[in-house]
Amino acid sequence: QDYELFNSIRKVRFSNCTLKKDSKMFFLNERAFAYELDYQGNLQLQNSKYIVSAEVSKKMNDQYINKAKRLFGKKVYRFQPDIALHHSNNENDDSAQIIICEIKINKELTRKSLIKDLKKLIAYTDKQKKAILYYPFELDVFILLDGDFAKIRRNIKENDLLNEDISKIICVTVNIIDGKIILDTDYLSDILKNKES
């Protein structure tokens, strides 16, 4: 299913989520990109049992409210990921949770926002001590617009993700070069290994 996600990213319409400055194209903001990705993703999945949803509301498992409070910094009973690939928007029929995405645009990425998004992604797929959902997702995707892996590496300190299971996080950088969408994908664990070498 990650293949469909990457194809959908490559098909986003520039007119809906980019701007041009000094003959270069940049992404407008996270939300414009998320809604265009929602549209393109659902075109790709027309004959599938799955759908793509931007900012859909997901209900947390009641027993995990205190855990979620520590994660989000406030008491929450629902959350809205930037993009979800799942079976249904109906909370009684959402056991097939496939991919969950958080999106950031390079100019707004800070160490604090990156770590917060990564910890949310970890919790969304966890089935044990960090779990917060009735039905955890299978795979996490962190999308950085107009950026690169070096920016992600620079914003993660050695202890930020200590004792965290980052094995399910794929990072995707999305850039516009010569009028084309260019994707780079890698597991976060491999990106951070390159920092050490």
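Refer to the structure above for everything that follows.
The structure contained in this document is the topic of the report that follows.

Rules used throughout
- Residues numbered from 1 in each chain as written.
- Predicted model: local features only at pLDDT ≥ 70, side-chain atom pairs only at ≥ 80, totals over all residues.
- Heavy atoms only, no water.
- Helix = DSSP H or I, 4+ residues; strand = E, 2+ residues; numbered from the N terminus.
- Contact = heavy atoms within 4.5 Å.
- Buried < 20%, exposed > 50% of the residue type's maximum accessible area, 1.4 Å probe, protein only.
- Polar contact = N/O pair within 3.5 Å; in protein donor to acceptor, adjacent residues only side chain to side chain.

### Quick notes on the environment of K75
The topology assignment puts K75 in the loop between α4 (65-72) and β5 (78-79). Spatially, the C-alpha atom of K75 lies 35 Å from that of S48, the residues being 27 residues apart in sequence. Aside from chain neighbours lying at most four places away, what touches K75 is I65 and K69.

### Re the environment of N66
In this fold, N66 is placed in helix α4. Overall, N66 belongs to the exposed group, its relative accessible area being 53%. With 10 residues separating them along the chain, N66 and V76 place their C-alpha atoms 8.9 Å apart.

### Digging into the side chain of D146
Along the polypeptide, D146 turns up in the loop between β8 (139-145) and α6 (149-154). Here the side chain of D146 touches F27 through a polar contact of 3.0 Å, landing on its backbone nitrogen. If we skip the residues at most four places from it in the chain, D146 touches F26, F27, I105, N106, V174 and N175.

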